[in-house]
Amino acid sequence: MRKIGLIPFLFLGMVACNDSGSKTGETATDTTAAASASMDTTHKATDTVASVPAVPEIPAGAKVFFKNLKNGQKIKSPFKVQMGVSGIALDSAGVIKPASGHHHILIDNGDSLALGTVVPKDSTHLHFGNAQKEAELKLTPGEHKLTLQYADGIHRSYGGKLASSVTVTVQ
């Protein structure tokens, strides 16, 4: 009995889908074009870009650095990383504030990310969005390049100007 109850709805659906506008002389293509012309549902790139402010300016003399790691250093895993910053405020992620940001550590991922690039979040792109100044890392034995990358409140890189790299050997 339930199948019989669905028949009227299926019939109405078929009629609605197959209505080619024959009553008004329009074809299905004409109807689609008319609907598109009267209703703009596109998103303009300028609308999206305008709502996100530019990456804040980097204050003169601002820099990031590893406090306790030196290039070429031999270490044992796990190890503590102390992250330093000067000339720019250390703040939590979430809100874009002028002259502020937070740390990220890139593991074996180059010297820096391009200015404005959102830092990915995975096992080789570590986020410290709670304004952390230190972390414990566990790496496999061998040589690793660690890059301290500073980014704004929505994780957009400040580029090479606020990045610092060291190569360490994990024993």
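Residues numbered from 1 in each chain as written. Predicted model: local features only at pLDDT ≥ 70, side-chain atom pairs only at ≥ 80, totals over all residues. Heavy atoms only, no water.

Peer 1: What is the right way to look at the pattern of salt bridges in this model?
Peer 2: Two side chains with opposite charge may pair up if their charged atoms get near one another. All chains considered together, the criterion is met by 4 salt bridges. Two residues, Lys97 and Asp91, come together in a salt bridge whose shortest N-O distance is 2.7 Å. The exposure class of Lys97 is partly exposed, given its relative accessible area of 36%. Note that Asp111 is salt-bridged to Lys145, the shortest N-O span being 2.3 Å. Taken together, the residues Asp111 in the loop between strand 5 (100-107) and strand 6 (125-128) and Lys145 in strand 8 (residues 142-151) connect sequence positions 34 residues apart. When its relative accessible area of 47% is taken as the criterion, Asp111 is described as partly exposed. For Lys145, a relative accessible area of 27% translates into the label partly exposed. (Salt bridge = Lys/Arg side-chain N within 4 Å of Asp/Glu carboxyl O. Buried < 20%, exposed > 50% of the residue type's maximum accessible area, 1.4 Å probe, protein only. Helix = DSSP H or I, 4+ residues; strand = E, 2+ residues; numbered from the N terminus.)

Peer 1: Any chance you could explain the packing of aromatic side chains here in plain terms?
Peer 2: By convention here, two paired aromatic rings are described through the distance between centres and the angle between planes. Using the criterion set out here, one finds 1 aromatic pair in the structure. Each ring, one from Tyr150 and one from Tyr158, has its centre 6.2 Å from the other, and the planes form 25 degrees; the classification is stacked. In terms of burial, Tyr150 and Tyr158 fall into one category: buried. (Phe/Tyr/Trp six-rings, centres within 6.5 Å; stacked < 30°, edge-to-face > 60°.)

Peer 1: Is there a simple way to explain the nonpolar core in this structure?
Peer 2: Grouped burial of nonpolar side chains is what soluble globular proteins tend to show. Within the largest apolar cluster, 23 residues are counted, with the highest numbers of intra-cluster contacts made by Leu69, Phe79, Val81, Ile105 and Leu146. Listed by contribution, the elements that provide at least two residues to this core are strand 1 (63-66), strand 3 (79-86), strand 5, strand 7 (134-137), strand 8 and strand 9 (163-170). Here Leu69 is in contact with Ile75, Phe79, Val81, Leu146 and Val166, once residues within four sequence places are set aside. (Core = buried A, V, L, I, M, F, W, Y, C linked by side-chain atoms within 4.5 Å. Contact = heavy atoms within 4.5 Å.)

Peer 1: Hey, could you run me through the sheet that holds strand 1 in this one?
Peer 2: The strands making up a sheet are joined through hydrogen bonds of the backbone, oriented either antiparallel or parallel. Taken in spatial order, the 3 strands make up an open sheet running 1-3-7, and their pairing is antiparallel. The sheet is open, and its two borders are formed by strand 1 and strand 7, each paired with just one other strand. The average undirected angle you get between the axes of adjacent strands in this sheet is 25 degrees. With 4 bridges connecting them, strand 3 and strand 7 associate as antiparallel partners. Note that in strand 7 the partner of Lys80 across the bridge is Glu136. (Pairing = 2+ DSSP bridges. Axes fitted to C-alpha atoms, helices over the stretch in contact; angles between N-to-C directions.)

Peer 1: Just to check I follow, could you spell out the environment of Ala54 for this structure?
Peer 2: With respect to the helices, strands and loops of the structure, Ala54 is situated in the loop between helix 3 (45-51) and strand 1. Taking the C-alpha atoms as reference, Ala54 lies 9.7 Å from Arg156; in sequence the two are 102 residues apart.

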